[in-house]
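Each chain is listed here by its residues.
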Amino acid sequence: MTETTYRDAIRQALLDAMQADPSVILIGEEVGLYGGAYGVTKGLIDLFGPDRVIDAPISEAAIVGAAVGAAMTGLRPVAELMYVDFIGMTMDQLANQAAKSRYMFGGQIGVPMVLRTQGGTGRSAAAQHSQSLEAWVLHTPGLRLIMPATVNDAYHLLRQSLTQSDPVVFIEHKGLYTMKGALDVDMPDGPWGQPVTRRKGRDLVIISYSRMLHESLAAADRLAASGVEAEVIDLRCLNPMDDAPLIEAVKRTGRAMVVTEAVVTGSVASEIAARLGEVCFDWLEEPVLRVGGEDIPIPVSPALERGSIPSATLIHDTALWLVTRKAPTWAA
Amino acid sequence: MGRVILTLPRLGETMEEAKVVEWLVAPGAAFKRGDVLLEVETDKTVVEVPALTDGVLLGQLVGPGDTVALDQPIAEIEHEGGDVVAATPPMPAQETAPSATAPLAAPVLTLASGPRPAASPAARAAARRVGADLTGLQGSGRRGRITAADVTLTLGGDGVAVHRSGAGLPVVLLHGLFDDHRGWRDLPRRLVAAGHAVLALDLPGHGDSASAPDLETVLDRIAAALPSGPLRLIGHSLGGALAVRLAMRLGGRVDRLILSAPVGLGPRLNADFTEGMLAADTPAALGRALALLGAGPMSATALAAELARMQALRAGQAALAHAVAQGGFQQIDIAGDLARLTCPVTVLFGTDDCILDWHCVANLPAATAIHLIRGAGHLPHLAAVDLLVGLVADTRERRIAAV
Amino acid sequence: MTLVQTIAAANTAAVGRYRTMRRIRSFEERVGELFLKGESAGSMLHLSIGEEAVVGMTEAMQPGDTFTTHHRGHGVFLGRGADPARMMAEIAGKQDGYCRGKGGSMHIADRALGHLGANAIVGGGIPHIVGAGISYRNAGSGQISVAFFGDGAMSQGILYESMNMAALWRLPVVFCCINNQYGMGTRVDRSAGNRDFPARAAAFGLKTARADGADVEAVHDAARALTMDARDGRPGFLEIDAYRFFGHARMDKSPYRSAQEEAEGRARDPLAHARNRITAEGIATEAELGGIDADAGAEMDLALTHAIAAQPPALATMFEDVYAPGSPAPRPQAARLSAILSEGVRA
């Protein structure tokens, strides 16, 4: 067990995977000499050389396309997309090529690659460098989708991603890179595909992932002071996702809230809320609430950016309102 | 019947808002057309707001001191009768003194969403399990929404599940051994429709209730789970014996006792039933034991589900079964207690009961009313629901007992 | 116009280009200060110091011409007449910035001055000039549209798709690559198999030129020829061979390049080059140029002060401009949650 950062846990996972499996290669913009835009791949080019740590031109579509081809022919590439916002340029390679090859070609040609990228707000990086686009990925059958929230998950989920037979989109959060936490390289937080309950509670379930998990946990701490015990579940793996633990918890509490940083319309939160509504209908005391980003592009102004995504305060206030019917000051 | 929102009517020509002075009808209480629901203070004077129909006040949406604008909601009511909007407003009380040329507008009643009461999905599911009708139930949730807790209330702290429905004088249902609150089938709904509040309990060790080691503990827990105030008790089989013991404990609070095929009146109990129920390890074996109840055939699927439920509860139920009968001989005697009870008591038996011998009614005190249901088995109350519903409301026997 | 008059006009124009370049540099220096004061919206500030000779292109354009830029576009926009105070306010995320605090450094735009938008997606704005070119060709308006981008975009497929269309359809457009030698931390020799960028454009049938980015007059001469051709339906490609004096963004200390390389690169300073030429040819004196420098510094100090003092946008403005005026704005989350959770009457 060591204390490390989310960034270094990802770097460690890449390093360990590359040492364990010579077929693992990295390809992306600035992954080599520069060490990654956020320093995740620092020093790896010195250890593994430019044939396995490949600095690519600013050609996102071809980076992902090349990773698809490498995966088809025996390598296990980790393509890095500097910002998830750039996924639009790679969408054909990702959604039409990587995701569908196994199916279209009758199971002959799998694409065991990982697309590492990062998203989220927090740096006033504006509308094209701050988005949370996981829903675009979730909507494509054939793609796996992983979003780690903890240091330990950052390591283990990436290692597990590098054992999958199908393409995995692994989305980190730029606001978590410097977060410190415990890393136990022998003990994952939970099995692949399963959510983890980060806090037990009887009054409602807050379901979240990535950075919003931490806002949700902070909200749960404050709720406890008001006598409301919130269960907090970390999704971790958005696809595949075993929703049985969510369903069990919602049946137990009758109240649920799904928290995402992404714009709420058409979001992962919408999908989860729909599933819970379908399956847990007879157990629900209240509608399943979605708390997410406003339905707007991310503005550059720091105050507007902060105001456009959920905070611990918003989550706390909404949960308290849901459970105790105590309206917050911002109630319209 | 319809659930509607009552809004503040215009009570004077210049009135645009009014301050609530006092409510004269409490939530849950019934009112008659013309009854004063509340008093409000307008720009001129204190005015009474009368009811335009008979009904029940479900919720007060404003409280004393609140200032309410014209046409804003003040109460949610359940009204009876015909077209509310067309109802003629009653003459205002004398002190309101409206000008003769400005007749009072009727309180504006808007249909909430048809007659369907607001209830959470969980409450609806709970109501389905109990067989209860949500109509008339007081909702404690957001916007008066009925919650599952309003339907199923665990009143006691000892894990006794109480499935509550309806409003009115409470009728407590105590089921028999190996059964649970669902065994009453349509009865709770029928009782609610007849104007009762129904509290269908799961006995300890049955349904959703925690198990208890002996009958005294069972009684303690049931007693703790009951609301205060007067009650009527209906007990079946073991529940019948428990109802008698409970009536002894509660004294004057129980004003009606109806026992359906109660244990504790004769010497024998068919051990094939108790032992068959406890030993059944296949749906077919369970089916053979259940057949002794005389409740009709069950599907293989239903039997399998029932078996799974039984097996989970078996340990707790075995102890109670042992307390009821051993080797085919009953271990309980309620005849003595019945002789000491002063409330009216009615006993139902089926003449084809395969578990208890209906002739044991001969041991009942003379004041007890006895109804024999020809051809019914051990569940006579299911064969005579109409009779039972009528008996709950019937107080003639009280007069007889009082003579 | 007599020869004397022509020379005088050219001389005046050369001093004007120096002035614009100095204003760009002063502006960019104050953007750095804005960041250091903690007043910028974020740290993704990409300075164009060393690339000021782009003024040679912006001055070859006419009023009514339009353009798109990359994320390093402050200089281009100042060259097209931007108000530095409103630019700086936008970079600070303030309400009276060009984009009302929504866009920031990487997304400045101004319809009135023909700025169709700065872009944070490499190559994102390039195809827009193809569309603009269709508009102007079809309207016969005589306008041109220019895409400004860096050497990084030379690796984007969309550039090649766009150049092919421009040549195919004979559109009034110019592709202007400001080659500052670096795409983030990657020097151009590590991203391009063949560094002859004009040759790539020529292969599509564009008229091409490469100009020394240290010499604004050379850039201007090349740009004038290309823009005149573009107006006649012969699209062009210009590479300005420059050097990025500082890191990729404000925080980047450029560990990936040597001090010697930086010294050599910074020696190719378009301002110093212009200054030497103007004084050597007697067009203006050192003192006169010093006055220009001082004026530019004072102007940009005012822009900085203005940006810091300006008001941030009100929170509710975040819902404005997602859709056109008259369309319903997105429903705020607080309103949605309140509709679900508030007490009172069921609708």
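Calculation notes
- Residues numbered from 1 in each chain as written.
- Chains lettered and ligands numbered in written order.
- Predicted model: local features only at pLDDT ≥ 70, side-chain atom pairs only at ≥ 80, totals over all residues.
- Helix = DSSP H or I, 4+ residues; strand = E, 2+ residues; numbered from the N terminus.
- Contact = placed C-beta atoms within 7 Å.
- Rg over C-alpha atoms; globule rule 2.2 N^0.38 Å.
- Buried ≥ 20, exposed ≤ 12 C-beta atoms within 10 Å, placed from the backbone.
- Nonpolar A, V, L, I, M, F, W, Y, C, P; charged D, E, K, R; others polar.
- Pairing = 2+ DSSP bridges.
- Axes fitted to C-alpha atoms, helices over the stretch in contact; angles between N-to-C directions.
- Core = buried A, V, L, I, M, F, W, Y, C linked by C-beta atoms within 7 Å.
- pLDDT = per-residue confidence, 0-100.
- Right-handed = clockwise from strand over helix to strand, strands pointing away.
- Parallel < 35°, antiparallel > 145°, perpendicular 65-115°, else oblique.
- Left-handed = near helix turned anticlockwise from the far one by under 90°.
- Arc of directions from axis to C-beta.

### Some details on the overall build of chain B
Now for step 1: For chain B, the count of helices and strands is 12 helices and 18 strands.
Now for step 2: Taking all contacts inside chain B whose residues are at least 6 apart in sequence as the whole, residues at least 24 apart take part in 67%.

### Here we look at the overall build of chain A
Now for step 1: From N to C terminus, chain A includes 12 helices and 14 strands.
Now for step 2: In terms of overall size, chain A behaves like a compact globule, its C-alpha atoms giving a radius of gyration of 20 Å where 332 residues would be expected to give roughly 20 Å.
Now for step 3: C-alpha atoms of chain A, sized along the principal axes, occupy 60 × 45 × 40 Å.
Now for step 4: Relative to its full complement of 332 residues, chain A shows a buried share of 60%.

### Side note on the interface of chain C and chain A
Now for step 1: Listed as interface residues are 42 residues of chain C and, on the opposing side, 39 residues of chain A.
Now for step 2: Per-element accounting of the side of chain C that touches chain A gives the leading share, 7 residues, to helix α12 (residues 333-341) of chain C.
Now for step 3: Broken down by class, the residue content of the side of chain C that touches chain A amounts to 21 nonpolar, 18 polar and 3 charged.

### Focus: the sheet that holds strand β3 (residues 53-55) of chain A
Residues and elements named next belong to chain A.
Now for step 1: Taken in spatial order, the 7 strands line up as β3-β2-β4-β5-β7-β6-β12 in an open sheet, and their pairing is mixed. Whereas interior strands pair on both sides, the edge strands pair on one side only; in this sheet they are β3 and β12 (237-239). Each strand of the sheet is rotated relative to its neighbour by a mean of 20 degrees, with strand direction disregarded.
Now for step 2: Helix-sheet contacts for helix α3 (residues 60-72) involve β2 (24-28), β4 (76-81) and β5 (114-119), and the interaxial angle to β4 is about 170 degrees.
Now for step 3: Sitting on the sheet, helix α7 (residues 151-161) touches β5, β6 (144-146) and β7 (168-173), and the angle it makes with β7 is about 165 degrees.

### So, the nonpolar core
Now for step 1: Counting 214 residues, the largest nonpolar core has Ile206, Met257 and Ala319 of chain A together with Val146, Cys176, Leu238 and Ile240 of chain C as the members making the most contacts within it.
Now for step 2: Setting aside its immediate chain neighbours within four residues, Leu238 of chain C contacts Met57, Val174, Cys176, Ala209, Ala211, Ala222, Ala223 and Leu226 of chain C.

### What about the pairing of strand β11 (residues 170-174) of chain B?
All names here are of chain B.
Now for step 1: Among the 5 residues of β11, 5 are classified as buried, and the element is accordingly described as predominantly covered.
Now for step 2: Neither face of β11 is left uncovered, since the one carrying Pro170, Val172 and Leu174 and the one carrying Val171 and Leu173 both have all their residues buried.
Now for step 3: Two strands pair when backbone bridges link them, and β11 and strand β12 (residues 197-201) are joined in this way by 4 bridges, in the parallel orientation. Looking at β12, one finds that Pro170 is bridged to Ala197.

### Quick look at the sheet that holds strand β18 (residues 369-373) of chain B
Residue and element names in this part refer to chain B.
Now for step 1: Strand order across the open sheet formed by 7 strands is β10-β12-β11-β13-β14-β17-β18, with mixed pairing between neighbours. For this open sheet the edge positions go to β10 (162-165) and β18, each flanked by a neighbour on one side alone. Put simply, the sheet's adjacent strands are angled 15 degrees from each other on average, direction ignored.
Now for step 2: By the bridge criterion, 4 bridges tie β10 to β12 in an arrangement that is antiparallel. What sits directly across from Ser165, in β12, is Val198.

### Regarding the confidence of the model for chain B
Residue and element names in this part refer to chain B.
Now for step 1: Scored by pLDDT, chain B has a mean of 80; 83% of the residues are at 70 or more.
Now for step 2: Element-level pLDDT for chain B is lowest in strand β9 (residues 109-111), with a mean of 33, against a maximum mean of 95 in strand β17 (residues 345-350).
Now for step 3: Taken together, the stretch residues 82-114 has pLDDT below 50 and engages in 50 contacts with residues farther than four places along the chain or on a different chain.
Now for step 4: Confidence over residues 397-403 falls short of pLDDT 50; this stretch has 8 contacts with residues more than four positions distant or in other chains.
Now for step 5: Across the interface, the model reports ipTM at 0.94; the global pTM reads 0.71.

### What to know about the pairing of β7 of chain A
All names here are of chain A.
Now for step 1: The buried fraction of β7 is high, at 6 of 6 residues.
Now for step 2: Of the two faces of β7, the one holding Val168, Phe170 and Glu172 and the one holding Val169, Ile171 and His173 are both buried throughout.
Now for step 3: Pairing analysis gives 3 bridges linking β6 to β7, with the strands arranged parallel. The residue bridging Arg144 from the neighbouring strand is Val168, located in β7.
Now for step 4: Viewed along the sheet, the connection from β6 through α7 into β7 turns out right-handed.

### Observations regarding unusual backbone geometry
Now for step 1: Here Asn239 of chain A and Pro240 of chain A are connected by a cis peptide whose omega angle stands at 5 degrees.
Now for step 2: You will see that Arg100 of chain C, though not glycine, has its phi angle at about 60 degrees, which is positive.
Now for step 3: Structurally, Arg100 of chain C is set in the loop between α4 (84-91) and β2 (115-118).
Now for step 4: With a phi close to 50 degrees, Arg170 of chain C is a non-glycine residue in the positive phi region.
Now for step 5: As for its placement among the helices and strands, Arg170 of chain C is situated in the loop between α6 (157-169) and β4 (173-179).
Now for step 6: For Arg170 of chain C, a count of 15 C-beta atoms within 10 Å corresponds to the partly exposed category.

### Considering the environment of Gly32 of chain C
Now for step 1: For Gly32 of chain C, the position within the fold is in helix α1 (residues 3-36).
Now for step 2: Look past the residues within four positions of Gly32 of chain C in its chain and what remains in contact with it is Leu47 and Arg250 of chain C.

### Looking at the packing of helix α7 (residues 283-291) of chain B against helix α8 (residues 300-324) of chain B
All names here are of chain B.
Now for step 1: Contact pair α7 / α8: the axes reach a minimum separation of 9 Å and the direction vectors enclose 90 degrees. Considering the angle they form, α7 stands roughly perpendicular to α8. Across from Pro283, Leu286 and Gly287 in α7, the residues of α8 making contact are Ala300, Leu303, Ala304, Glu306, Leu307 and Met310.
Now for step 2: Among the residues making up the contact of α7 with α8, the classes are represented as 7 nonpolar, 1 polar and 1 charged.

### Focus: the packing of α4 of chain C against helix α11 (residues 286-309) of chain C
Residues and elements named next belong to chain C.
Now for step 1: Viewed as axis vectors pointing N to C, α4 and α11 meet at an angle of 40 degrees, and their least axial separation amounts to 8 Å. When the axis of α4 is compared with that of α11, the two are oblique. Helix-helix and strand crossings are classified by hand; for α4 and α11 the assignment is right-handed. Counted together, Pro84, Ala85, Met88, Ala89 and Ile91 of α4 and Glu299, Met300, Leu302, Ala303, Leu304, His306 and Ala307 of α11 form the full contact between these two elements.
Now for step 2: Looking at the contact of α4 with α11 residue by residue, the classes come out as 10 nonpolar, 1 polar and 1 charged.

### Quick word on helix α6 (residues 271-279) of chain B
Residues and elements named next belong to chain B.
Now for step 1: Taken as a whole, α6 has its buried residues at Phe273, Thr274 and Met277. Down the axis of α6, the buried set is contained in an arc of 90 degrees. They therefore lie on one face.
Now for step 2: Residues of α6 that are buried in the fold lie against α7, α8 and β15 (325-326).

### Some details on the environment of Leu387 of chain B
Residue and element names in this part refer to chain B.
Now for step 1: Its place among the elements puts Leu387 in helix α11 (residues 385-393).
Now for step 2: Assessed through the 17 C-beta atoms surrounding it within 10 Å, Leu387 is described here as partly exposed.
Now for step 3: Placed 39 residues apart in sequence, Leu387 and Leu348 show a C-alpha to C-alpha distance of 9.9 Å.

### Observations regarding the environment of Ala37 of chain A
Residues and elements named next belong to chain A.
Now for step 1: Positionally, Ala37 belongs in the loop between β2 and α2 (44-48).
Now for step 2: Residue class for Ala37 comes out buried when judged on the 21 C-beta atoms lying within 10 Å of it.
Now for step 3: Through-space distance from the C-alpha of Ala37 to that of Val24 is 20 Å; in sequence the pair is 13 residues apart.
Now for step 4: The contact partners of Ala37, leaving out residues within four places of it in the chain, are Glu30 and Met82.

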